[in-house]
Each structure stands twice: as C-alpha cells, then as structure tokens.
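Here are the chains, one letter per residue:
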Amino acid sequence: KEISLQHGAHRLGRRNDADMARWRAYGLGQFIHWGLYSIPGGEWNGKIYNGAAEWIRTWKEVSPQAYDSLIYRFNPIKFNPDSWAAVAGRMGVKYVTITTKHHDGFCLWPSKYTNFTVAHSPYKKDIIGPLVKAYNKQGIDVILYFSIMDWHNPDWRYDIKTRDDSIAFNRFKQFTRNQLLELLTRYPTAKGLWFDGTWDNSWVKQAAFADSLETEMRKLRPGLIIGSRFRADEYGKRHFDSNGNLMGDYEQGWERKIPEKIEDVHGNDWDCVMTIPENQWGYAKTWSGHIKTADELLEMLAKCVSLDGNFVLNFGPKPDGTLRTEEQTLAKAIGDWMTVNKEAIYNGEYAGFAKQDWGYFIKNTGTNKTYMVIFNVPVSGLLRVTTPLHTVINKAYDLGNLTQTYTPEEIGTSTYFIHLHQQTPKKPFVIVLETGETGKSHGTGY
Ligand SMILES: C[C@@H]1N[C@@H](c2cn(-c3ccccc3)nn2)[C@H](O)[C@@H]1O
C-alpha cells in the first residue's frame, strides 16, 4: 500500500522524452576523474595509500592542510582537451562524465563562490569549459559530475546534531545551490548532472531542499538528466523512495558492479560506472591487483547494454594533463572493436531472448535487428538461440563479414542452433539476426 510522499519520486516509469531517449541510446560512456588528488597519485611521503587515490585526503598520514596546499601545484601544462576528446571519439564513446568538483572540494571551473578553484592555482584557467567544447566538437555529450560532500568547505557537516550544525549547513546548502546554478549557466550544453557524496545524514535529511533544488535545476535546464543518487525522500530513502519508486531519471547504483539479469534493473534506465583497476578513479601511480583487459571491458559493455544500461569506463588523467599509456592502449583496443561492431551497441536495448552462455543478445531500438555478441564459443560450435514468442529469424549473418551468412537449424519450439562455420576468431564477434513476427494472420481472418 502506497504512502503519501511529498519528496519521493515525481514520475513513475521511464522518462519518454527525446533527451532521455538520446541518453538511453548512448551505450558507451567515459568517466574522467581529475583534480588535486591526481598530483600525489595515491602516494604520500613515499608511502603508498591503499585506498582509492581520490580519497587520499582522508588518509591518517595526510594533513588536510597539506593536501589543500596541492592547489599551488596544480599546473597541467600538457593538458589538451582536444587530444582527450580525440581518444574518446576513437574509442567510440557517446558521452563523457567529468568531475567538476570531487569530495575534496577543488573546483575545475573558476567558481565565484569559493577560492578553492583552478583560478587560484598556477594554471589559472577554466578546465571544464574547454573540455565541454572539445568533447562537443567530437559529437560527444557531456554530463557534469558534482560531489555534494565537500571536505574543504568549513560549513560541510556529516550530520546535523546542534543548532550551530544547522546554521552552518544552511550556509552550505546555499553554497551548493549557487555552484550548481553556476555550472548549469556556464555550461548550457551539459546534458545532465552525475551526483555523488550524498550518503551522509546531513544531506539525507534535506529531502525538501534537495527536491526543490532538483525542480529548480530542471526548470533552468529543461531535459536535464539527473540520476537516483541526488536526493533522498522525507523518510531518508535513497535511490528508491518509500514506495519503491525510482528517484530521478535513471538508477545510479551500479558503481563497479553490473546487474546479473533483467529483473535486477526493475524496468528502469541505469548506468554502470567502472574502473580499470579494482578500485581507482583518480590517477594512481601504482596500479595494483587485477587490471581489466579490453576483452573483459567489452564483455562488461555488452552485458550492460543487453540489460538496458550504459557502460561508463573511468579514466584518471595524470597531473600533467596526459592520459597514462595503459588507458590509451585500452581505449584504442575498445575503439578498434567498436569501429566494426558499434551498431550492436548504439541504440541497444534488452532483446527478451533467453540468456545463453555464449554471450549477450542486444536488440536495436526501432529496427528488426537483434545482435548476438559472442564471447564464449561452445566446443560444439553450435550457438543456441531461443527467440521470444512469435519471433522468427529471417536472416542471420556476421556483422564483421556480411557475406558470411548462417541458416539457423530449428531444434525445437522457438529454439535454433546456429552452426559456426570455421574456427572462430580469438576476439568477441557479432552475428546479426533479422527477425519477423508470426502469429499475426495475414489473411482476411474469420
Ligand atoms: C564514482 C566514485 N564514487 C566515489 C566513491 C564513493 N565511495 C563511498 C565510500 C564509502 C561509502 C559510500 C561511498 N567510494 N567511492 C569515488 O571516489 C568515485 O568518485
């Protein structure tokens, strides 16, 4: 039984407007984490911090004042937004999510509301503006990442216990509103905001304020896309309100993890944000543990798109403004695969075919094409396909070699085997199924 909520979800089901359809069609995105934390790169006084590099300010070995003095060393002389955008374009990303301000409070744009910005660093210039321009020039949309939690701002509180907390945090709320309206005004082509740092009690208690701020931002920028992590309802419920309805326009809960099956996404739009190492977002000089390969990342991409999500891969640029070699190499490998197979990813959605071990089905929005993205060829060389009810396969062919066609062998009700011809490649590949509908009478009908 639903309870009445003032500050819960204001929309049931998916957004059906053109701006959200554009976001839904992206498939592949890039995340960029860049800021003062990139300078130490996960090391301090010769010691390696074993947490996420962008959290080094919280390490007991680091004095916050010493960390904040990094502003006087921020001078990325090799920063060239066009080269980052070119790498992203070559990789085949359709959107980029860029940190404007991470938890440390350092602003990559010359905000009027604090001195803790690029304007007061040796670099002096705005970073966000040139980045937005360069990516838009490549036809890549921009989403602005913004952390509500701001360790540098003295008015930030983890919880509101006293009247003084409340007075300070009210100042903080105005500061936050000012910065968000400033970002939307300075960068009008930004398609959305990706909020983070919203889990502490202080912010969770601001249901009414956050709700009215979200409304204000949507009015200022119609079509703006905001995820489920921004605000809580008046009972402190986050991502899904007290009636189980999704807050915001898409589910923002898949951080370094991917849903297993379609039921896990509850019919919502969602994105998965993923690191290349186990858990490093900002630049870390030493990458330890498992570094994901291009094939692993391609499988994550296909899995996300097959379950109605976008896959957003993180890059942590170096303090001098260049991208590390490993990231450039992965971007190129992914881009080489996307050059051949991008139509299986862009405008991809859940196909409704039974999941098979060999890989993922992705339906192309608005066409009769369903793509089989194949990672694990069975030793039999037979790819099992069970179609949704009333769906028949009219054609099947290799996306990488259109003359390579297949004749599915019917082995049961709506079930087929696709016989792979020769020894298959050691790379993921795609078979295109052109489908039709049966069960619709084409006669006069009686
Ligand atoms: C997108 C990613 N989100 C930030 C994050 C948040 N958290 C976190 C850690 C403990 C509790 C709740 C959230 N860990 N990392 C990371 O720093 C990065 O920005």
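Residues numbered from 1 in each chain as written. Predicted model: local features only at pLDDT ≥ 70, side-chain atom pairs only at ≥ 80, totals over all residues. Heavy atoms only, no water.

Asker: Looking at this structure, I do not really get the nonpolar core. What am I missing?
Answerer: For soluble globular proteins, the rule of thumb is that nonpolar side chains tend to be buried together. Membership of the largest hydrophobic core comes to 106 residues, with the highest contact counts inside it found for Phe74, Tyr135, Met217 and Phe311. In terms of residues, this core owes the most to one element, helix α8 (residues 294-306), which gives eight residues. Residue-level mapping places this core at the junction of two domains, with at least three residues from each of domain 1 (18-346) and domain 2 (351-437). Dropping the residues within four chain positions of it, Tyr135 is found in contact with Gln30, Ile32, Trp84, Ala85, Ala88, Val96, Ile140 and Val142. Counting residues in hydrophobic clusters, the runner-up holds 17 residues, among them Trp358, Tyr416, Leu420 and Leu433. (Core = buried A, V, L, I, M, F, W, Y, C linked by side-chain atoms within 4.5 Å. Buried < 20%, exposed > 50% of the residue type's maximum accessible area, 1.4 Å probe, protein only. Helix = DSSP H or I, 4+ residues; strand = E, 2+ residues; numbered from the N terminus. Domains from an automatic or database assignment. Contact = heavy atoms within 4.5 Å.)

Asker: For this particular structure, what's the right way to read the site of the ligand?
Answerer: Lining the immediate environment of the ligand, one finds His33, Glu54, Trp55, His102, His103, Tyr145, Trp194, Asp196, Trp199, Glu255 and Trp281. Taking Trp55, its side chain carries an N or O atom lying 3.0 Å from an oxygen atom of the ligand. Protein chains bury 71% of the 440 Å² of accessible surface belonging to the ligand in isolation. Looking at the shell around the ligand, its residues break down into five nonpolar, three polar and three charged. (Near = heavy atom within 4 Å. Polar contact = N/O pair within 3.5 Å; in protein donor to acceptor, adjacent residues only side chain to side chain. Areas by Shrake-Rupley, 256 points an atom, 1.4 Å probe, with all protein chains shown as cover. Nonpolar A, V, L, I, M, F, W, Y, C, P; charged D, E, K, R; others polar.)

Asker: What should I look at first to understand empty space enclosed by the protein in this one?
Answerer: The gaps of empty space that remain are located by a probe, the size of a water molecule, rolled over the atoms. Scanning all chains against the criterion turns up three cavities of 30 Å³ or more. Here the largest cavity is characterised by a volume of approximately 40 Å³. Forming the boundary of the largest cavity are Ile276, Pro277, Gln280, Trp281, Gly282, Tyr283, Ala284, Trp287, Asn314, Gly316, Arg324 and Glu327. Along the lines of polarity and charge, the residues of the lining of the largest cavity split into six nonpolar, four polar and two charged. (1 Å grid on protein atoms, 1.4 Å probe; cavity = no way out; pocket = protein on both sides within 12 Å on 5 of 7 lines; lining within 4 Å. Points joined across faces, edges and corners; volume = space filled by probe spheres on them.)

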